[in-house]
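# Structure at a glance
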Amino acid sequence: MYSILKYFLFKKNPEAAHHLTFSLLKTGNYLPLFYPVMRFIYKKRQPQLIRKVAGLTFPNPVGLAAGLDKDAIAFNELGDFGFGFIEIGTVTPKPQEGNEKPRLFRLVKNEALINRMGFNNKGVDAAAVLLKKRKDPTLIIGGNIGKNKVTPNEKATDDYVYCFNALFDVVDYFVVNVSSPNTPNLRDLQEKEPLTNLLNTLQVLNQTKKTPKPIFLKIAPDLTNTQLDDIIEIVAITKIAGVIATNTTISREGLNYTEEEIKSYGMGGLSGKPLTKRSTEVIRYLKQKSNSAFPVIGVGGIHTAQDAIEKLDAGADLIQLYTGFIYEGPGLIKDINKAIMNHPKF
């Protein structure tokens, strides 16, 4: 069924196809049997898939990465396709349009995407209102937070604090996004001193809450081993819950396109199959060098059940889909969970 839908969606501009997909997801609510059937096909709970990570109980280890449901519009509907957790965002304090269009491109030959969306969202307060309407209390929701484009880096912490407070009562965990390549100078916040200060500030705020919530850091795949060593040290210093590895890459290596074609797509983060190997390498490095001191959520280039098993084998405690979900559809979630149940190690 998804292959037919994909055929028509891939005939459209990628961003237009995204909006159409979300319209279809919402329309499904008006079809009496649609979501009951989806839940029957994709959302069968299996006790052996339950994972306890960072103090949270995940129905299964397969989640949706941030970026698809930025504004928390369809998290309930997406949860009915079998995801164990949904990460909304990235959201910012103030609504912003993001970068100029076109800003999303399919690289079908590589089953990849290039995006330079630029944290387009309706603002954290709008997302918080929608998140109060969670239908399934067992579905774990993460809030991915960032800064507005117009906010200078020296005041970035204020933006993250605002988002943290706005979402605190409606999400189960937080993700600090300083690794998107599409907001000018954002990745400078990955440097050791500003990142430590930012995370410490959020942790101090977190500890004032009656029940503190896990805070994860999302990192870029383009970090060197020395920078990854810094990340390990920062996690130890700030005592955040863990790391999400990885965001999109600025690399264009290994693409089946001419140099001219690649240049025509312009700047932006690359996701999908070209990222599979590197994201797995980062997961393995973090786990081995830290002696598994903290949880790692693995994301990047998961298009098959085997890709997911490799991430888990590298040390990932949970995994997330994004581009693979777009190319393969909800059947991928079911395939991965089935493979995990049948794997002797997991």
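Anyway, here's the lowdown on the structure attached to this text. (Residues numbered from 1 in each chain as written. Predicted model: local features only at pLDDT ≥ 70, side-chain atom pairs only at ≥ 80, totals over all residues. Heavy atoms only, no water.)

## Looking at the environment of Ala126
The condition is simple: Strands here mean DSSP runs of E at least two residues long; helices mean DSSP runs of H or I at least four residues long; both are numbered from the N terminus. Any residue under 20% of the maximum accessible area for its type is buried, any over 50% is exposed, and the rest in between are partly exposed; the area is computed with a 1.4 Å probe on protein chains only.
Locating Ala126 in the fold gives a position in helix H5 (residues 124-131). Given a relative accessible area of 35%, Ala126 falls into the partly exposed group. Taking the C-alpha atoms as reference, Ala126 lies 9.8 Å from Pro93; in sequence the two are 33 residues apart.

## As for helix H8 (residues 225-238)
Applied cut-off: By definition here, a helix of n residues has an expected span of 1.5 Å times n minus one. Here the arc refers to the directions that run from the helix axis out to each C-beta atom.
Over its 14 residues, H8 runs 20 Å from end to end, which matches the ideal 20 Å to within 8%, given 1.5 Å per residue. Among all positions in H8, only Leu228, Ile231, Ile232, Ile234, Val235 and Thr238 are buried. With its buried residues spanning 160° around the axis, H8 presents them on a single face. Opposite the packed face of H8, turned more than 90 degrees from it, sit the exposed residues Thr226 and Ala236.

## Describing helix H2 (residues 14-27)
At 3.6 residues per turn, the α-helix brings residues three or four places apart onto the same side. Note the following rule: Here a residue-residue contact requires only that any non-hydrogen atoms of the pair lie within 4.5 Å. Pairs of N or O atoms are called polar contacts if they sit within 3.5 Å, as long as, within protein, a hydrogen donor faces a hydrogen acceptor (for residues adjacent in sequence, only side-chain-to-side-chain pairs).
Over its 14 residues, H2 extends 20 Å from the first C-alpha to the last, a length consistent with the 20 Å expected when each residue adds 1.5 Å. Each element contacted by the buried residues of H2 is listed here: helix H1 (2-9), helix H3 (34-42), helix H4 (75-79) and strand S5 (104-107). Its side-chain oxygen 2.8 Å from the backbone nitrogen of Glu15, Asn13 forms the N-cap of H2.

## Looking at the packing of aromatic side chains
Using the following cut-off: Any Phe, Tyr or Trp ring, taking Trp's six-membered ring, that has another such ring centre within 6.5 Å forms a pair; planes under 30 degrees apart are called stacked, those over 60 apart edge-to-face, and the others tilted. Remark: a charge is flagged as sitting over a ring if the NZ atom of Lys or the CZ atom of Arg is within 6 Å of the ring centre and within 35 degrees of the ring normal.
Following the criterion strictly, the structure yields 14 aromatic pairs and no others. When the centroid spacing of 5.9 Å and the interplanar angle of 55° are considered together, the rings of Tyr42 and Phe81 count as tilted. One end of the pair, Tyr42, is in helix H3; the other, Phe81, is in the loop between H4 and strand S4 (85-91), and 39 residues separate them in sequence. Across this residue pair, the class does not change: Tyr42 and Phe81 are buried. For the pair Tyr257 and Tyr265, a centre-to-centre distance of 6.1 Å together with 85° between the ring planes defines the contact as edge-to-face. Among the residues examined, Tyr257 registers a relative accessible area of 14% and is labelled buried. By the ring-pair criterion, three or more aromatic residues cluster together here, those being Phe34, Tyr35, Tyr42 and Phe81. Over the ring of Phe10 we find Lys6; its NZ or CZ atom is 5.3 Å from the centre of that ring. Here Lys209 stacks its cationic end above the ring of Phe168, 5.0 Å away from the centre of that ring.

## Description of a nonpolar patch on the surface
Formally: A patch consists of residues whose relative accessible area exceeds 30% and which take part in no salt bridge; residues with like charges are grouped when within 9 Å of each other, and nonpolar side chains (Val, Leu, Ile, Met, Phe, Trp, Tyr) when within 5 Å. Surface exposure here means Shrake-Rupley accessible area, sampled with a 1.4 Å probe, where a residue is shielded only by the protein chains that are shown. Any carboxyl oxygen of Asp or Glu within 4 Å of a side-chain nitrogen of Lys or Arg constitutes a salt bridge here.
On the surface, Leu33, Val37, Phe40 and Ile41 cluster together into a nonpolar patch covering about 390 Å² of accessible area. Among the structural elements, Ile41 can be located in helix H3.

## A look at the sheet that holds strand S11 (residues 269-272)
Applied cut-off: When DSSP finds two or more bridges between two strands, those strands count as paired. Note on geometry: axes are lines fitted to C-alpha atoms, helical ones only across the stretch in contact, with angles between N-to-C directions running from 0 to 180 degrees.
The three strands lie next to each other as S5-S6-S11, forming an open sheet whose pairing is antiparallel. Each having just a single partner strand, S5 and S11 make up the two edges of the open sheet. Adjacent strand axes in the sheet meet at a mean angle of 20° when their direction is disregarded. Across four bridges, strand S6 (residues 112-115) lies against S11 in antiparallel orientation. Pairing of Leu113 across the sheet is with Ser271, part of S11.

## Some points on the nonpolar core
Selection criterion: Only buried residues count toward a nonpolar core. Its members are Ala, Val, Leu, Ile, Met, Phe, Trp, Tyr and Cys residues joined through side-chain atoms within 4.5 Å.
Formed by 76 residues in total, the largest nonpolar core has its most connected members in Tyr160, Leu167, Ile219 and Ile336. Ignoring sequence-local partners within four residues, the contact set of Ile336 consists of Val62, Ile302, Thr304, Ala305, Ala308, Ile319 and Leu321. Membership of the second largest hydrophobic core comes to 14 residues, among which are Val53, Leu56, Val175 and Phe216.

## Focus on unusual backbone geometry
Residue Thr90 is bonded to the preceding Gly89 through a cis peptide linkage, with omega at 10°. For Thr90, the location among the structural elements is in strand S4. For the peptide bond that leads from Lys101 to Pro102, omega is -5°, which places it in the cis range. If you trace the backbone, Pro102 turns up in the loop between S4 and S5. The phi dihedral of Ala54 falls on the positive side, at around 55°, and the residue is not glycine.

## Here we look at the environment of Pro344
Turning to its location among the elements, Pro344 is positioned in the segment after helix H13 (331-342). With 248 residues separating them along the chain, Pro344 and Gln96 place their C-alpha atoms 47 Å apart.

## Here's the deal with the packing of H5 against helix H6 (residues 156-167)
What counts here: Each angle gets one of four labels, with under 35 degrees taken as roughly parallel, over 145 as roughly antiparallel, 65 to 115 as roughly perpendicular, and the rest as oblique. Two helices that cross are described as forming a left-handed crossing if the nearer one is turned anticlockwise from the farther one by less than a right angle, and a right-handed crossing if clockwise. Each residue is assigned to one class: nonpolar for Ala, Val, Leu, Ile, Met, Phe, Trp, Tyr, Cys and Pro, charged for Asp, Glu, Lys and Arg, and polar for all the others, Gly among them.
Their axes nearest at 9 Å, the elements H5 and H6 cross at an angle of 20°. Compared by their axis directions, H5 and H6 come out roughly parallel. Note on packing geometry: the crossing formed by H5 with H6 is right-handed. On H6, the residues touching Val124, Asp125, Ala128 and Leu131 of H5 are Tyr162, Cys163, Ala166 and Leu167. Within the contact of H5 with H6, the residues separate by chemical class into seven nonpolar, no polar and one charged.

Keep in mind these values describe shape, not function.
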